[in-house]
Structure formats: structure tokens, C-alpha cells
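The lines below spell out each chain.
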Amino acid sequence: MSSILTNNSAMVALQTLKGINSDLSKTQNEISTGKTVATAKDNSAIWAISKVMESDVSGFNAISDSLNVGEATTAVASAAAEQIVDVLEEMRELAVAGVSETADHTKLDAAMEQKEQQILSIIEAAQFNGVNLLKTDTDGNGGTGLTVLSSLDRAGSNDVLNANAPTVSKITVTSADFEADLDVAGRTAITTSATAETALTEIEGFLQVAVAGAAALGASAERITDQSDFVGKLTDAMTTGIGALVDADMEEASARLSALQVQQQLGVQSLSIANSAPETLMSLFR
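Parameters at a glance
- Per-chain numbering applies: the sequence of each chain, read as written, is numbered from 1 onward.
- In view of the model being predicted, local features appear only for residues whose pLDDT reaches at least 70, and side-chain atom pairs are presented and counted only at 80 or more, with totals across whole chains, interfaces and linings using the full set of residues.
- No hydrogens and no water enter the side-chain calculation; it runs on all heavy atoms of the structure.
- Residues belong to one nonpolar core when they are buried, are Ala, Val, Leu, Ile, Met, Phe, Trp, Tyr or Cys, and are joined through side-chain atoms within 4.5 Å.
- Only protein chains enter the area calculation, which uses a 1.4 Å probe; residues under 20% of their type maximum are buried, those over 50% are exposed, and those in between are partly exposed.
- The helix and strand labels rest on DSSP assignments: H or I over at least four residues marks a helix, E over at least two residues marks a strand, and numbering proceeds from the N terminus.
- The term polar contact refers here to a pair of N or O atoms within 3.5 Å; inside protein, the definition further demands a hydrogen-donor-capable atom paired with an acceptor-capable atom, and it admits residues adjacent in sequence only when both atoms are side-chain atoms.
- The contact criterion used is simple: two residues touch if any of their non-hydrogen atoms lie within 4.5 Å.
- Here an axis means a line fitted to C-alpha atoms, over the contact stretch when the element is a helix, while the angle between two N-to-C directions is reported on a 0 to 180 degree scale.
- Under this scheme an angle from 65 to 115 degrees is roughly perpendicular, one under 35 degrees roughly parallel, and one over 145 degrees roughly antiparallel; angles in between are oblique.
- Here is the rule for handedness: rotate from the far helix to the near one, and if that takes an anticlockwise turn smaller than a right angle the crossing is left-handed, while a clockwise turn gives right-handed.
- Under the scheme applied here, ten amino acids are nonpolar (Ala, Val, Leu, Ile, Met, Phe, Trp, Tyr, Cys and Pro), four are charged (Asp, Glu, Lys and Arg), and all others, including Gly, are polar.

Enquirer: What should I look at first to understand the nonpolar core in this one?
Expert: As a rule of thumb, nonpolar side chains are buried together in soluble globular proteins. Grouped together as the largest cluster of nonpolar side chains are 49 residues, with contacts concentrated most on Ile84, Leu88, Ile119, Leu134, Phe178 and Leu217. If you list the elements that add at least two residues to this core, you get helix H2 (44–98), helix H3 (105–125), strand S3 (145–153), strand S4 (167–174) and helix H5 (193–246). When residues of this core are assigned to their parent elements, the largest contribution, 15 residues, is made by H2. Ala10, Ala13, Leu17 and Leu271 belong to the second-largest nonpolar core, a separate cluster that totals 5 residues.

Enquirer: What am I meant to see in unusual backbone geometry here?
Expert: Most peptide bonds take the trans configuration, and most residues that are not glycine carry a negative phi. Despite not being glycine, Asn129 shows a phi value in the positive range, around 55°. Assessed through its relative accessible area of 63%, Asn129 is described here as exposed. Positive phi is not limited to glycine here, since Asp177 has a value of about 55°. In this structure, Asp177 sits in the loop between S4 and helix H4 (178–181). Using a relative accessible area of 18% as the deciding quantity, one classes Asp177 as buried.

Enquirer: Just checking my understanding: could you explain the side chain of Thr235 for this structure?
Expert: Position of Thr235 among the secondary structure elements: in helix H5. On the basis of relative accessible area, Thr235 is assigned to the buried category, the value being 8%. Reaching out from Thr235, the side chain makes a polar contact with the backbone oxygen of Val231 at a distance of 2.8 Å. When residues no more than four places from it in sequence are discounted, the contact partners of Thr235 are Val57, Phe60 and Asn61.

Enquirer: Honestly, the side chain of Asp56 in this entry has me stumped. Any pointers?
Expert: Take Asp56: it is sitting in helix H2. Apart from the residues within four sequence positions on either side, Asp56 is in contact with Arg154 and Met238.

Enquirer: Would you take a moment to explain the packing of helix H1 (residues 8–33) against helix H6 (residues 250–276) for this structure?
Expert: For any two helices packed against each other, one specifies the crossing angle of their axes together with the interaxial distance. Running from N to C, H1 and H6 cross one another at 155°; their axes reach a closest spacing of 8 Å. Taken together, the axes of H1 and H6 lie roughly antiparallel to each other. When you trace H1 past H6, the crossing you get is left-handed. Class assignment of the residues belonging to the contact of H1 with H6 gives a composition of 14 nonpolar, 10 polar and 3 charged.

That is the geometry; function is a separate question.
Below you can see the structure in the form of C-alpha cells.
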């Protein structure tokens, strides 16, 4: 039955065209934004997960900066400690030479004093960003070490679905405290072979302290470096994961856009045909 009041074909064609236009608009948005999930309306669950992960990536970028500063601070102290070890070895050589009865003890002691001043100078200069890991007070405010933010851990009750704050992990680097433990200025003055032997024993003790401190700082520096490398790789992996969730497949979107544009043209033509169908009824009244 044909009716001039109800055009079922036109209604079907119109609904089809609306669906095509909606899909076409969505595809165009994907191409313009580069994302399949750009807003919560697109996919609320995926959008929520991606936003939490993006927040974590931002946090890890800040952690990377913290690790870089901590790495530099520890590296400066480690290099200074190694230099102090070298100077103490030179002082040991002088003390060994002073054990000889024929040695010029006055000149040897003067050379030792220069080495002592060099060590004290190295300790004072071994600071980075206001932190000196070779001194008793590392930061001028009673600090005894360096705390470096190392990670944000989101697991268990702190997972994405529960959306609770992640746990903060830190790396603590303890001061080597050469300022207190290396009392090189208080060593025995070399005036005779006997005092040279006493100074040699004292310097051996200083050397053991310096080697242990340098080794500890080196181990801490290596840990911070390894953590920095891990955070960099973790950030890249998380960024890739976010992209897998929300980024548009541009090749697929391009192909879909072409197909939808053809469907749109056909839909318009179909609606035009459906709208013109009632005009054929006029022939019945001629």
C-alpha cells in the first residue's frame, strides 16, 4: 500500500544516513585527534585507565629528574673519594720513605702537610646542588645523607581500578663522612723514623676508611644509575601501552573514512529516491 502521509522507505533511508554520518564524524575525529579514545564519552573505562597511566608517566618523568640529580650528586662524591684514596696512597709512600734513618724528615713532613690540605680541600669541594656526601652535615641543615625518589609502585590496593595513590619508593645514600673519619690534620708529625712509623700506621687506617667510603658511594651511584635506566625503559613501555589503548590506527581509519564517504553518497541518493516515491502517485490521478 502506498501512502502520501507515511513514507517508510524515506524513514529507513534517513535512519541509515544518520548512522553513516555518525560513524563518519567519529572517524574524522579519530583522524584529527589521532586517538580512538579521546574523551570519556568514547570509552569511559579505557579513558579512565589511560588517564591514570598518563599521570604515572608524568610522575616517572619527575622521578627521572630526581634520579639524574641524585646520580650526579653521588658521582661527584664518589669521584672525590677516589681522589682522596689516591692522595692517601701518596702520603703512605712519604711515610714509608720517612722510616729510613737517612730521610729528610722535615721535607717529608712538609710534603705530608700539603697532601693533608689537598684532602681537606677535596672534601670541601665535593658538593653538588648543595649536598656534600663527604661531610658530617651533608646539606647544612643536619642531613646525614641523600634521599632520592626512585619509583612509584601501584599494585594490589593501589592498582588502577581502585585508583588509590601509589606507594613512593626511595633510595637513601649515606654520607661517607670523611670530615669526621679522616682526621688527617691530626696525624703524627714526621720528625724521626719512629714517628714516621706511627704516621704510616695512622695513614693505613685512613686509607682503609677512604677505600670503604669510596666503595660504598660507588655502589650507591651504580644503583641509582641502574634505577634511572629502568625508569626510562618503564616510562617508554607505559607510553607504548597508553598508545595501544587510545591511539587510532591511521591506516584503518583512512580506509574506513573512504568507505563511509561512499556510503554517505549512496545514503543521500537513497533518501532522495525514497522522498521522490510519493510523486509517482500523481500519475494515478491524471
